[in-house]
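Given next are the chains, with one letter for each unit.
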Amino acid sequence: MNKTTKLISLALCVIMAAMLFVGCGNQQSALERIKESGELVMLTNAAFPPFEYLGNDNAVAGVDVEIAHAIADEIGVSLKIVDMDFDGIVTSIQSGKGDIGAAGMTANDERRKSVDFSINYVDAAQLIIVMKDNAEITTPEDLAGKNVGVQSGTTGDIFVSDETDAVPFRFKNGADAAVELTNGKLDAVVIDEMPANLIVSTYEGLKIIDTPLTEEQYAIAIAKGNDDLKEIIDGVITKLLESGQIDAWIEEHKLASGS
Ligand code: ARG
């Protein structure tokens with residue numbers, strides 16, 4: 001080895017050691033970060049009653065908030081809620097902008113490529129909402145060629161876009177879509193069952209078509225590879241399911257949100 005090669009290999013060694021060091025620094029797990037910061041950060045979209053909605057004093061309330069509080073209590077930290085667009089939650093969890101995505105979020109294979117999910121805590125389905133006097137739309141096939149409102153990035157959006165020949169109109173939330181339906185700008189809205197019930201009880205002249213379009217389960221999203229955090233969340237959800245607490249919260253928040 002001449003002097004230059006020696007210098008180069010030395011430099012390479014230093015760089016590699018530095019990379020290892022930085023690599024280790026980033027290895028802090030989500031759970032360690034939560035404990036260190038004293039805060040569990042929940043990402044949600046608070047336009048989805050009874051799971052999340054703006055309650056008293058415009059604070060985010062709902063079933064998912066209750067579950068997230070139970071998780072934060074179990075870890076021994078406080079809960080911070082970030083209200084954002086639904087279609088940004090998965091990537092924000094992936095990039096570490098939050099610790100849990102709790103948003104009536106359906107655990108599906110597409111999302112599993114980017115995040116891990118807790119065990120399921122609610123069974124759900126997509127339903128069609130139309131005007132009461134609409135006799136034309138009674139099955140998903142009838143949606144072909146129709147203008148159908150969905151919440152952007154949701155499983156309702158995916159169903160309408162991939163499984164029907166309808167023209168999807170994407171909204172930031174279900175309520176905005178409902179307004180356009182009552183205005184006659186849309187022929188139908190496709191959305192999860194429980195928010196659908198709230199929409200129909202809030203806006204005059206709408207009805208739900210009873211045939212479920214999908215079978216889905218809600219779960220909490222976390223960054224991949226955080227088995228310690230997942231274990232805690234799964235433990236909390238198991239207890240809440242066994243005691244009937246989640247059902248009780250659903251009833252409580254249906255009343256509180258008017259659904
Ligand atoms: N369950 C549906 C999905 O995962 C809709 C969820 C919408 N949630 C919300 N907080 N806006 O795509």
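Scroll up to find the structure.
Cut-offs and rules
- Residues numbered from 1 in each chain as written.
- Predicted model: local features only at pLDDT ≥ 70, side-chain atom pairs only at ≥ 80, totals over all residues.
- Heavy atoms only, no water.
- Helix = DSSP H or I, 4+ residues; strand = E, 2+ residues; numbered from the N terminus.
- Buried < 20%, exposed > 50% of the residue type's maximum accessible area, 1.4 Å probe, protein only.
- Contact = heavy atoms within 4.5 Å.
- Areas by Shrake-Rupley, 256 points an atom, 1.4 Å probe, with all protein chains shown as cover.
- Lys, Arg positive; Asp, Glu negative; His and termini not counted.
- Charge placed at Lys NZ, Arg CZ, Asp CG, Glu CD.
- Salt bridge = Lys/Arg side-chain N within 4 Å of Asp/Glu carboxyl O.
- Pairing = 2+ DSSP bridges.
- Core = buried A, V, L, I, M, F, W, Y, C linked by side-chain atoms within 4.5 Å.

**A closer look at the overall build of the protein**
- For the protein, the helix and strand inventory stands at 10 helices and 14 strands.
- When the backbone C-alpha atoms are referred to their principal axes, the protein occupies close to 85 × 45 × 30 Å.
- Counting only residues that meet the buried cut, the protein has 46% of its 259 residues in that class.
- In the protein, of all internal contacts separated by at least 6 residues, the share reaching a separation of at least 24 is 71%.
- Accessible area of the protein: about 13100 Å², with a carbon and sulfur share of 52%.
- Within the protein, the 42 negative side-chain charges are centred at a point lying 10 Å from the centre of the 19 positive side-chain charges.

**With respect to the pattern of salt bridges**
- One pass over the structure, following the stated rule, counts 8 salt bridges.
- Where Lys146 meets Glu136, a salt bridge forms, and the shortest distance between an N and an O atom there is 2.8 Å. Taken as a pair, Lys146 in the loop between β8 (126-131) and β9 (147-151) and Glu136 in the loop between β8 and β9 lie far apart in primary sequence, 10 residues in all.
- On the basis of relative accessibility, which here comes to 18%, the residue Lys146 falls in the buried class.

**Examining the sheet that holds strand β4 (residues 78-83)**
- Read across the sheet, 5 strands follow the order β4-β1-β5-β14-β6 without closing on themselves; strand pairing throughout is mixed. A single partner strand is all that each edge strand has here, and the edge strands are β4 and β6 (115-117).

**Quick notes on the nonpolar core**
- Counting residues in hydrophobic clusters, the biggest one holds 36 residues, and the most contacted among them are Phe51, Ile67, Tyr121, Ile220 and Ile246.
- Those elements that provide at least two residues to this core are α2 (30-37), β1 (39-44), α3 (63-75), β7 (122-124), α9 (227-242) and α10 (245-257).
- Each residue touching Tyr121, except ones within four places of it in the same chain, is listed here: Phe51, Asp64, Ile67, Gly104, Tyr218, Ala219, Ile220, Ile237, Leu241 and Ile246.

Geometry only, nothing functional implied.
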